[in-house]
Each structure stands twice: as structure tokens, then as C-alpha cells.
Amino acid sequence: MSEFKDLGELEEKIGYKFKNREYLHHAMTHSSYSGGKKYECNERLEFLGDAVLQLTVSKYLFTNMSTVPEGGLTKLRASIVCENSLYNFAKRIDLGKYILLGKGEEMTGGRDRKSILSDAFEAMIAAVYLDGGDEEATKMIMSFVPSIEALKSGKVKLGDYKTILQEIIQQNPEEHISYEVEEIDGAQNHKTFNAQVMLNGQIIGRGSGQSKKESEQAAAKEAVKLMGYETD
């Protein structure tokens, strides 16, 4: 088990001591790490962790925000479970320090890559759930989730409109959204990206930004607003 660093330290940070630390080993193994196939990667755990997180946050909001309508709950949940939030949760405990990575990922900054850290955080949720059950997983999740007071005060940023839009659309499984970068204007170091978001091939929002991601977020924000949901 020498490949794994200071997992006891990680247990202290999340407030849970594993009965079977193999779950945590598994959660901290990225797909780029082979290790002679000694450890299975954390992708399946990520799948389970995402489901546990969604349900936990949904129950939390439903129970504590009884006057907020469905649309508002959807928006709040999306802001809490989005990749940006999970990345920030992971950074709070320096999660990248504990992940097993392949040499390529290690060399290219994988320990600080948003997708890797957010996925590992979800895998860690699943590990706690499998080892300690729903109560322990909920306790760990809630140690990171903003308080109801903070949510009600508006101190939590709700800026991941792509995630919010996806949450809304997923309520109708037959619907499909996609993004396209329409055009790029400006000099090399002053580019403007124009994006459009489409629902079943029909444009429902447009937006501009200085990067592809920024323009897609702007397009998604417009679409969310047009659907009748409040935006920041």
C-alpha cells in the first residue's frame, strides 16, 4: 500500500475513519495509473458518489427550504453539486495530494486539474457510503455543503449556468441540449467567442466571452433566464 500517501491524514480531514481502507484506495486511483492493474480506477465509484451526493443535497434543500419552488431548488442543487463546487471542496482538503496518477497526468498538472479533483471527491463520497452507510456519507457531505443561512442570503455563487440548464433539461429525458461556437473575432490575444446553445437543434440562447467556456456559460445563462428562472 506504499503508493498511497497519508490516507490517515485524509481520514482526519473528512472526519471519517474507514473500517476497510481499500474503499479509499480505490477512490484515490485515477484511470491514468496502472500500478500493474493492482488497483481498479475510481470511475465506477464516481458514478455512485454522484448519485449519493445528488440525493443528499436534494433531501437537505427539500427539508430546509420549504417555501422555495421546484425551479429554485433545482438551481440551488446545481450550484452545490457542479464541478466548480466539487473542485473547491477538494481543494479545501488538498485532495490532489492523495490521488494516484500516471506519469503523464502527473507531469501535466493533473493534481490540480478540476475534472480529476471533482471526480475523486465524488468517488470518495461513494467510498464513505460503501464503508459506513448513508448516515456517515451524509455527515461527510454536509461538512462541505454551504449552510441554509448562506444559501438564503445569496452568498453562494450560482454562476454555473451550464450545470443549471442541464439540471432543468434532465427533467425531460427526451430533450437534448448542445453547444456550438458560432464564430471568433479579434486579434490573437483579444479573441471573442460567440456561442449558442440548442435544445433539440433549436437555438435557445446566445452568449459571448473571452474563452469558449465563458461564451457557453453566457449562452446557458440566457437560456435559463428565457425559461423563467432567475439569474444572478
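Use the structure listed above.
Fair warning: this is a prediction, and the values are worked out from it, not measured in the lab.

### So, the pattern of salt bridges
So, step 1. Per the counting criterion, the structure on display carries twelve salt bridges.
So, step 2. A salt bridge links R21 to E11; the shortest N-O distance between them is 2.8 Å. Linking R21 in the loop between α1 (7-14) and α2 (22-27) with E11 in helix α1, this pair joins segments that are ten residues apart in sequence.
So, step 3. Classification of R21 as partly exposed rests on a relative accessible area of 32%.
So, step 4. Classification of E11 by relative accessible area gives buried; the value is 4%.
So, step 5. Salt bridges sharing common partners tie together D6, E9 and K97.

### Focus on the pairing of strand β3 (residues 202-209)
As a general feature of sheets, a regular strand has side chains that alternate between the two faces.
So, step 1. As defined by bridge partners, strand β2 (residues 192-199) adjoins β3 across seven bridges and the pair is classed as antiparallel. Its bridge partner lying in β3, N194 is registered against S208.
So, step 2. Where β2 hands over to β3, the hairpin turn is made up of two residues, of which N200 adopts a positive phi near 55 degrees.

### Considerations on the packing of aromatic side chains
So, step 1. Taken as a whole, this structure holds four aromatic pairs when the rule is applied.
So, step 2. Taken together, a centroid distance of 5.7 Å and an interplanar angle of 50 degrees make the contact between F89 and F121 tilted. One end of the pair, F89, is in helix α5 (residues 83-92); the other, F121, is in helix α7 (residues 114-132), and 32 residues separate them in sequence.
So, step 3. Residue class for F89 comes out buried when judged on its relative accessible area of 8%.
So, step 4. Considering the side-chain rings of F89 and F144, the 5.7 Å spacing of their centres and the 45 degrees angle between planes classify their relative orientation as tilted. Note that F89 is positioned in helix α5 and F144 in the loop between α8 (134-142) and α9 (148-153), a separation of 55 residues in sequence. In this pair, the class of F89 matches that of F144, namely buried.
So, step 5. Clustering of aromatic rings is evident, with ring pairs tying together F89, F121 and F144.
So, step 6. If you follow K114 out to its NZ or CZ, it ends over the ring of Y87, 5.8 Å from the centre.
So, step 7. Note that K162 overlies the ring of Y179, its terminal NZ or CZ placed 4.6 Å from the centroid.

Calculation notes
- Residues numbered from 1 in each chain as written.
- Predicted model: local features only at pLDDT ≥ 70, side-chain atom pairs only at ≥ 80, totals over all residues.
- Heavy atoms only, no water.
- Salt bridge = Lys/Arg side-chain N within 4 Å of Asp/Glu carboxyl O.
- Helix = DSSP H or I, 4+ residues; strand = E, 2+ residues; numbered from the N terminus.
- Buried < 20%, exposed > 50% of the residue type's maximum accessible area, 1.4 Å probe, protein only.
- Pairing = 2+ DSSP bridges.
- Phe/Tyr/Trp six-rings, centres within 6.5 Å; stacked < 30°, edge-to-face > 60°.
- Lys NZ or Arg CZ within 6 Å of the ring centre and 35° of its normal.

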